[in-house]
Amino acid sequence: MGRFPLLSLGGFLLMYPGLLVAAPAEDVRLFVGDATRYGHLQRPERFWHITDLHLDASYHLADDPTKVCLSSKGAPAANAGPYGDFLCDSPYSLIQSAFNHMNHMTPQADFIIWTGDSPPHVPALELSTDLVIQAIGNMSETIRHHFPTLPIFPALGNHDYWPQDQMPGSANAIYQAVAKLWAPWLQDEALRTLSEGGFYSQLARPGLRVISLNTILYYGPDKATANDTDPAGQFLWLQGTLERAAQNLEKVFIIAHVPVGYLPFTRDVTAIRKRHNERLVYIFRKFSHVITGHFYGHTHRDSVMVLLDEEGKPVNSIFVSPAVTPIKSVLEPYSNNPAFRMAFYDATDFSLLWFILWFPLSPYESKDIWQYYLNLTEANERRRADWRREYVMTEAFGLEDLRPHSLLQLALSFRLPQATSFDKYFSHFMVSYDKSIRCEDACKLHQVCAVLHLDDRAHSKCVQGRNLQDSYVLL
């Protein structure tokens, strides 16, 4: 790197030339445990992000591959095994294996964000309001069983309602049910707004507020809110909450299920309605000095975005986590391996960071976002769930940190004709599903424009370019 890294840990500066080597993830138990026990350093701040569990309780190994799971909708799950199939949603064994791996990681996280979708992808007639509540309750209890002492910050997904997607902008049986299910994790004011509109805010720790948005209210298929300018008054509430956070000198993590911005796998389509997307982008730009990170799910894929202000300055980093469920339709060319992640953040400004930890005779390098995954094909063949680290984000892309400027530089590198960084990014987008699949030409254009441009004006100019070098990029 040309110089030795310098790190402040709880006011303690460490610089150890010649000892900065990587070690397996399990080694963190040895040196961090000892170092914190003897007061040499404070452990880094971190949290888990899990999303899109999509439990399919019907999953079972059957002689008839069309009967393995309801979520395959009659398509033959020919490669079904004990941990699932790429045409099915998650069996309980897959979800349990993920939580078991997370639970045995030492040291533990400070909290978990859980960005929604507990029920499976099945026809509406296979579910009901009671069954959706039961699925959310099952997953809530499973998480609480594995992590009884951790704060959990959930968000509602589009499948966490019946019929799916049709969330209203007013109190209903499901909002009220989840307020009861999540009462052990949330405070009274958070539970009040959750029961009324499906959103809330709460301090995760002094100085850091989590705002959990109900972006299903802005989701295109949601007919219940199609004509509302501010469903459930969430925009007004969000601005007021961010204003108070700024006054109280708090920083904010935004969490939600459906992300802001454009879908990376299709042309010129926002994840939520365009008019609501424009309003969210406006609010996020206005309060970018308060917001230090965005965390979403829904797409089942691994992607990043960088929010630029009107002058093209990078102001926010946005992370979309891949799903635990591996499901794809029979028409899709690729899926994702099951995944979850751990994110490390700076306890002073709450941005995602890159840092070095050291303890005598046990050097270890620890960084920003650690992506964990399960090679589903291998797990089924071996009948054993060997979750392992897929990548470390800064290490994979040669970044200093995951702040907005670094993500912008990464995205700009994708535009270069011979950029290997984009090929690596797309492989991680699929969670190492199939490294032989290429994303070129229009596929690459849509991916890169989605990373760089979240608003209609800039994104439209980007996708109108004949190629990435001609496409519009604010600098």
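Reading the values: the criteria
- Residues numbered from 1 in each chain as written.
- Predicted model: local features only at pLDDT ≥ 70, side-chain atom pairs only at ≥ 80, totals over all residues.
- Heavy atoms only, no water.
- Helix = DSSP H or I, 4+ residues; strand = E, 2+ residues; numbered from the N terminus.
- Buried < 20%, exposed > 50% of the residue type's maximum accessible area, 1.4 Å probe, protein only.
- Contact = heavy atoms within 4.5 Å.
- Pairing = 2+ DSSP bridges.
- Axes fitted to C-alpha atoms, helices over the stretch in contact; angles between N-to-C directions.
- Phe/Tyr/Trp six-rings, centres within 6.5 Å; stacked < 30°, edge-to-face > 60°.
- Lys NZ or Arg CZ within 6 Å of the ring centre and 35° of its normal.
- Salt bridge = Lys/Arg side-chain N within 4 Å of Asp/Glu carboxyl O.
- Right-handed = clockwise from strand over helix to strand, strands pointing away.

### Brief notes about the environment of Gln371
Argument step 1. As for its placement among the helices and strands, Gln371 is situated in strand 15 (residues 369-373).
Argument step 2. Given a relative accessible area of 0%, Gln371 falls into the buried group.
Argument step 3. Remark: the alpha-carbon pair of Gln371 and Met393, spanning 22 residues in sequence, is separated by 7.8 Å.
Argument step 4. Those residues within four positions of Gln371 in sequence are excluded, and the remaining contacts are Asp302, Pro322, Ala339, Phe340, Arg341, Arg388, Arg389, Glu390 and Tyr391.

### What about the sheet that holds strand 7 (residues 208-212)?
Pairing between the strands of a sheet is mediated by backbone hydrogen bonds and can be parallel or antiparallel.
Argument step 1. An order of 6-7-8-9-11-10 is seen for the 6 strands of this open sheet, with the pairing classed as mixed. Edge positions in the open sheet fall to strand 6 (200-205) and strand 10 (303-308), since each of these has one partner strand only. For this sheet, the mean inter-axis angle between neighbouring strands, taken without regard to orientation, is 25°.
Argument step 2. Bridging between strand 8 (residues 251-255) and strand 9 (residues 291-296) involves 4 bridges; their strand directions are parallel. Opposite Ile254, over in strand 9, you have His294 as the bridge partner.
Argument step 3. Taken strand by strand, helix 6 (residues 234-247) contacts strand 6, strand 7, strand 8 and strand 9, and its axis lies near 175° from that of strand 7.

### Let's talk about the packing of aromatic side chains
Argument step 1. Per the stated rule, a full pass over the model turns up 28 aromatic pairs.
Argument step 2. When the centroid spacing of 4.6 Å and the interplanar angle of 5° are considered together, the rings of Tyr218 and Phe235 count as stacked. Taken together, the residues span a long stretch of sequence, with Tyr218 in the loop between strand 7 and helix 6 and Phe235 in helix 6 at a distance of 17 residues. Accessibility assignment for this pair places Tyr218 and Phe235 in one class, buried.
Argument step 3. Between Phe422 and Tyr425 the ring centres are 6.2 Å apart and the planes differ by 35°, which places this aromatic pair in the tilted class. On the criterion of helical spacing, the pair formed by Phe422 and Tyr425 is a turn pair, its members being 3 residues apart in helix 11 (residues 420-429).
Argument step 4. Overall, the relative accessible area of 1% leaves Phe422 in the buried class.
Argument step 5. For the cation-ring pair, Arg144 lies above Trp185, with the distance from its terminal atom to the ring centre recorded as 4.9 Å.
Argument step 6. The cationic tip of Arg389 hangs over the ring face of Trp370; the distance from NZ or CZ to the ring centre is 4.9 Å.

### Comments concerning the pattern of salt bridges
Argument step 1. For the structure shown, the criterion picks out 18 salt bridges.
Argument step 2. Of the charged contacts in the structure, one is a salt bridge between Arg192 and Glu189, with a shortest N-O distance of 2.6 Å. With Arg192 and Glu189 both in helix 5 (residues 188-197) and 3 residues apart, this pair spans about one turn of that helix.
Argument step 3. Classification of Arg192 as partly exposed rests on a relative accessible area of 38%.

### Focus: the pairing of strand 8
Argument step 1. With 4 of 5 residues buried, strand 8 lies mostly within the body of the structure.
Argument step 2. Both strand 7 and strand 8 contribute to a ladder of 5 bridges, which runs parallel. Residue pairing for strand 8: Arg209 is matched across the bridge by Val252.
Argument step 3. With helix 6 bridging strand 7 and its parallel neighbour strand 8, the resulting β-α-β unit is right-handed.
Argument step 4. At this point the chain moves from strand 8, through helix 7 (residues 274-286), to the parallel strand 9, and the crossover so formed is right-handed.

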